[in-house]
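# Report on the structure
For reference, the chains in residue letters:
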Amino acid sequence: MLIRKRPPRPTPPGTPFRHENHPRPVTRRDFLGAGLLGSYGMVLGPAWLGGLLKAQSARAGGLDADIQALLGSGQCNIPTASGSLPFIVFDLAGGANLVGSEALVGQQGGQANFLSTAGFNKLGVPGNMVPTSTTFVSSALGLLWQSDGAILRGIQSVAAATTQAGVNGAVIPAMSQNDTSANTINPIYGIAAAGAVGTVITLVGTDSSTSGGNSAPLMYTVNPALQPATIDQPSDAVALAPPVPGGGTPDPLALAELESEARISTGTTPYQGASSTGSEFTGALADPSGSTPGVVLIPGSGNASLDAALKNQVRCSYVQAANTANIFAAGPSGLDPTQDPLIVGGTSPIFTAAQLQSDSDVQTTASIMKLVIDGYAGAGTIALGGFDYHDGTRATGETRNFQAGQMIGAVLEYAARKGVPIMIQIMSDGSLSANSTVDTSAAGRDKLGWQGDNSSVAATLFLVYSPKGRPALRNGVAGQQIGYFTADGSVVTNSSPAANSVNQIPELIMLNYMGLLGTDAQFPTLFPQQGLGPASALAALTVFEPIV
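Quantities reported herein were computed from a predicted structural model and do not represent experimental measurements. (Residues numbered from 1 in each chain as written. Predicted model: local features only at pLDDT ≥ 70, side-chain atom pairs only at ≥ 80, totals over all residues. Heavy atoms only, no water.)

### Some points on the packing of aromatic side chains
The geometry of two aromatic rings is summed up by the distance between their centres and the angle between their planes. Spelled out, the test is: Note on aromatic contacts: the rings of Phe and Tyr and the six-membered ring of Trp form a pair at centre separations within 6.5 Å, being stacked when their planes are under 30 degrees apart, edge-to-face when over 60 apart, and tilted otherwise. Segments assigned H or I by DSSP are reported as helices when at least four residues long, segments assigned E as strands when at least two residues long, and all are numbered from the N terminus. Accessible area is worked out with a 1.4 Å probe on protein chains only. A residue is then buried under 20% of its type maximum, exposed over 50%, and partly exposed in between.
Inspection of the entire model under this criterion finds 6 aromatic pairs. Judged by centre distance (6.0 Å) and plane angle (90°), the ring pair of phenylalanine 87 and tyrosine 513 falls under edge-to-face. Of the two residues, phenylalanine 87 is situated in strand E2 (residues 87-92) and tyrosine 513 in helix H13 (residues 504-517); the sequence distance between them amounts to 426 residues. For the pair phenylalanine 462 and phenylalanine 544, a centre-to-centre distance of 6.1 Å together with 85° between the ring planes defines the contact as edge-to-face. Here phenylalanine 462 is found in strand E12 (residues 459-465), whereas its partner phenylalanine 544 is found in the segment after helix H15 (535-538), with 82 residues between them in sequence. When sorted by exposure, phenylalanine 462 lands in the same class as phenylalanine 544, which is buried.

### Quick notes on the nonpolar core
Stated precisely, the cut-off is as follows: For this analysis, a nonpolar core means a set of buried residues of the types Ala, Val, Leu, Ile, Met, Phe, Trp, Tyr and Cys, connected via side-chain atoms within 4.5 Å.
Counting residues in each nonpolar core, the largest one holds 79 residues, and the members touching the most others are Phe90 and Met369. With 39 residues, the next largest nonpolar core counts Phe87, Val89, Leu218 and Phe523 among its residues.

### Some details on the state of the cysteines
As a reminder, the rule being used: In this description, the term disulfide denotes a pair of cysteine sulfurs within 2.5 Å.
Per the counting criterion, the structure on display carries 1 disulfide. Between cysteine 76 and cysteine 316 runs a disulfide, and the two sulfur atoms are separated by 2.1 Å. A torsion of -90° about the S-S bond marks the disulfide between cysteine 76 and cysteine 316 as left-handed. Note that cysteine 76 is positioned in the loop between helix H2 (65-69) and E2 and cysteine 316 in helix H9 (residues 304-327), a separation of 240 residues in sequence. On the accessibility criterion, cysteine 316 (14% relative accessible area) is buried.

### Topic: the packing of helix H8 (residues 254-266) against H9
Heads up, the condition is: Angles run from 0 to 180 degrees between N-to-C directions of axes, and those axes are lines fitted to C-alpha atoms, restricted for helices to the stretch in contact. Here the word oblique covers every angle except those under 35 degrees (roughly parallel), over 145 (roughly antiparallel) and from 65 to 115 (roughly perpendicular). Any pair of residues with heavy atoms lying within 4.5 Å of one another is described as a contacting pair. Amino acids outside the nonpolar list (Ala, Val, Leu, Ile, Met, Phe, Trp, Tyr, Cys, Pro) and the charged list (Asp, Glu, Lys, Arg) are all regarded as polar, and Gly is one of them.
At a closest axis distance of 9 Å, the pairing of H8 and H9 adopts a crossing angle of 170°. By the angle between their directions, the pair H8 and H9 is classed as roughly antiparallel. In this structure, H8 uses Leu255, Leu258, Glu259, Glu261, Ala262, Ser265 and Thr266 to contact H9, whose residues at the interface are Arg315, Tyr318, Ala321, Ala322, Ala325 and Asn326. Classifying every residue of the contact of H8 with H9 gives 7 nonpolar, 3 polar and 3 charged.

### Observations regarding the confidence of the model for the protein chain
The condition is simple: Scored from 0 to 100, pLDDT records how confident the predictor is in each individual residue.
Scored by pLDDT, the protein chain has a mean of 88; 86% of the residues are at 70 or more. When the criterion is pLDDT under 50, residues 40-60 qualifies, and its contacts beyond four places in sequence or with other chains add up to 99 contacts.

### Thoughts on the pattern of salt bridges
What counts here: Any carboxyl oxygen of Asp or Glu within 4 Å of a side-chain nitrogen of Lys or Arg constitutes a salt bridge here.
Applying the stated rule across the entire model yields 16 salt bridges. Across the pair aspartate 66 and arginine 263 runs a salt bridge whose closest N-O atoms are separated by 2.7 Å. Here arginine 263 lies in helix H8 and aspartate 66 lies in helix H2, a separation of 197 residues in the sequence. Here aspartate 66 falls in the partly exposed class, since its relative accessible area comes to 25%. Under the relative-accessibility criterion, arginine 263 is labelled partly exposed at 28%. Here arginine 153 ties to glutamate 398 by a salt bridge, and the two come within 2.8 Å at their closest N and O atoms. Of the two residues, arginine 153 is situated in helix H4 (residues 150-158) and glutamate 398 in helix H12 (residues 395-418); the sequence distance between them amounts to 245 residues. Each member of the pair, arginine 153 together with glutamate 398, is buried. One connected set of salt bridges, linked through shared partners, spans Asp148, Arg153, Arg394, Glu398, Arg445 and Lys447.

### Examining unusual backbone geometry
Most peptide bonds adopt trans geometry, and most residues besides glycine take a negative phi value. In this model, aspartate 179 sits at a positive phi of 50°, which is unusual for a non-glycine residue. Turning to its location among the elements, aspartate 179 is positioned in the loop between strand E5 (167-173) and helix H6 (188-193).

### Some remarks on the packing of helix H11 (residues 360-373) against H12
Packed helix pairs are characterised by how far apart their axes lie and by the angle those axes make with each other. Selection rule: Note on convention: the crossing is left-handed when the near helix lies turned anticlockwise from the far helix by less than a right angle, right-handed when the turn is clockwise.
One way to put it is that H11 packs onto H12 with a least axis distance of 10 Å and a crossing angle of 30°. Taken together, H11 and H12 sit at an angle that is classed as roughly parallel. The handedness of the crossing between H11 and H12 is right-handed. Each of Asp361, Val362, Thr365, Met369, Lys370 and Ile373 in H11 lies in contact with H12, whose residues at this interface are Arg400, Met407, Ala410, Val411, Tyr414, Ala415 and Lys418.

### What about the side chain of asparagine 97?
Formally: Identification of polar contacts relies on pairs of N or O atoms within 3.5 Å, with a donor-acceptor requirement for protein atoms, meaning one able to donate a hydrogen and the other able to accept it, and with residues adjacent in sequence counted only if both atoms are side-chain atoms.
Structurally, asparagine 97 is set in the loop between E2 and helix H3 (117-122). Engagement of the side chain of asparagine 97 in a polar contact is seen with the backbone oxygen of valine 99, the distance being 2.8 Å. Contacts of asparagine 97, omitting those with residues within four sequence positions, involve Glu102, Leu123, Ile151, Tyr389, Asn401, Ser431, Leu432 and Trp450.

### Quick look at the side chain of glutamate 259
Within the secondary structure, glutamate 259 is located in helix H8. A polar contact of 2.7 Å, which involves the side chain of glutamate 259, links it to the backbone nitrogen of aspartate 64.

### Some words on the pairing of strand E8 (residues 377-384)
Each regular strand shows side chains that alternate between the opposite faces of the sheet. So the rule is basically this: Any two strands with at least two DSSP bridges between them are considered paired.
Burial analysis of E8 places 8 of its 8 residues in the buried class, the great majority of the element. In this structure, strand E6 (residues 201-205) lies alongside E8, joined through 3 bridges in parallel fashion. Within the sheet, the bridge partner assigned to leucine 203 lies in E8 and is alanine 379.

### With respect to the environment of valine 362
Position of valine 362 relative to the elements: it lies in helix H11. When the C-alpha atoms of valine 362 and threonine 352 are compared, they prove to be 9.7 Å apart, with 10 residues separating the residues in sequence.

### Quick notes on the pairing of E12
With respect to burial, E12 is a largely interior element, 7 of its 7 residues being buried. Burial along E12 is two-sided: Ala459, Leu461, Leu463 and Tyr465 and Thr460, Phe462 and Val464, pointing in opposite directions, are all buried. For E5 and E12, the ladder comprises 7 bridges, and the chain directions are antiparallel. Following the sheet pairing, valine 167 is matched in E12 by tyrosine 465. Sheet topology note: the strand E9 (residues 422-428)/E12 ladder contains 5 bridges and is antiparallel. Bridge pairing links glutamine 425 to phenylalanine 462 in E12.

### Here we look at H11
Side chains three or four residues apart in an α-helix point the same way, a direct result of the helix having 3.6 residues per turn. Worth spelling out the cut-off: Residue count minus one, scaled by 1.5 Å, sets the expected span of a helix.
The end-to-end C-alpha distance of H11, which contains 14 residues, comes to 20 Å, matching closely the 20 Å that a straight helix rising 1.5 Å per residue would cover. With 13 of 14 residues buried, H11 is to be regarded as a mostly interior element. The N-cap residue of H11 is aspartate 359: its side-chain oxygen and the backbone nitrogen of aspartate 361 are 2.9 Å apart. Positioned one or two residues after H11, glycine 375 has a phi angle of 90°, which is positive.

Printed below as a string of structure tokens:
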């Protein structure tokens, strides 16, 4: 008697994964990767004085001159307009496939030095869909892609052809560990140090972790002043600048009250920087003098300049509160993606009202992309769950990657509609390899099923959009691939500084962010702990010419 094994069935969207070789989920990362949690957002900012940052409604007329002066360089360094390059990380929790079946990865020499058929099979591409110089290759995004890649199809379903024509990208073959939050591949703090700023807050993210996402940050770049505050939906983004109390007309005295709080608490004499002894601070933060009471935040001989620096942080919290109130003098609708006709409700919106009401991926993406691209935040992370999809089918992974592509496409399209450049990193914790079974279902698209975790086929991607046109390459098309694979489909561990060192993955992103700004020569000075090598080695690792 012939007994046939039932073929694997795809996991429906939103249904958690239950893998035999995986332990029960315990941490939030486990739940996110398994699809037991949807995406949600979090804002990073100096929240240790978060209560002071609850801006109120503002009067017309702007900030008074003494408070305005404290916004500047050397004082509070609060931008009055965003002039930085927006940056967003898509952190796909669970170990997604990003190359072979998606962006092409090649042997030494670049993407077009194709892998063997066995190598593509390992990466989920069946023999009849293996890319060649004339077939199954798309250059629609500048970076070469398998022409039926699910992320590519998702991007193209949202981003217009004119938007795609302004995109280029690069692939970084680099190993990372499977199913863990310990991979230090999130560059968000380094991006902030390199110049990403927002008029309201520095960073946005999706988790209460140190990075604001699923994967960990590069630890030497972490700025402890940036603390998380959760954003789950558009209403949480709006709460960055609370509406007029009780609704109606803004209170003309509210901004004056916030400015007075700053003056009474700290004074407005300019901060003297590293040479300060604290004498410029008055009011509640004045130094004690004889019988006159005061406060010392960092006591001890020789700590006067440190004490003054901390007092300046306190002052800047008051100043930021007043500045945020001034920005949203007429209310906080500028933060609300549901009020933006380019995103929803207009003649050709990016999302439908139904998507924005019911899809957690859409709610998070819309909220964070508006904050970053509109300049209210400098940079951020969007973590999406459900990418631990090695259930033996192809349908589950194709569906989830397509959905991720839609979110990436939405960010690109919104940037294009606003006429703003952006850099997008796409990463995951590890990856996976395929079995030899073709999934013939409609969603499986006649591709090979995903069998199990495999960190040796992992990679990171980044895309860049410029309203001026497709970003130009510094080192030719070969430079779009930093590192390479073996012919049979594995990362060559000495092919780049990042190939077998997760710390160098975010460093490559930080370097290339600075390259787009034209400040990459400053990289070794700004990040003296970097491990990419001497200045002479960095040029070959910098993909694009400046775009801003």
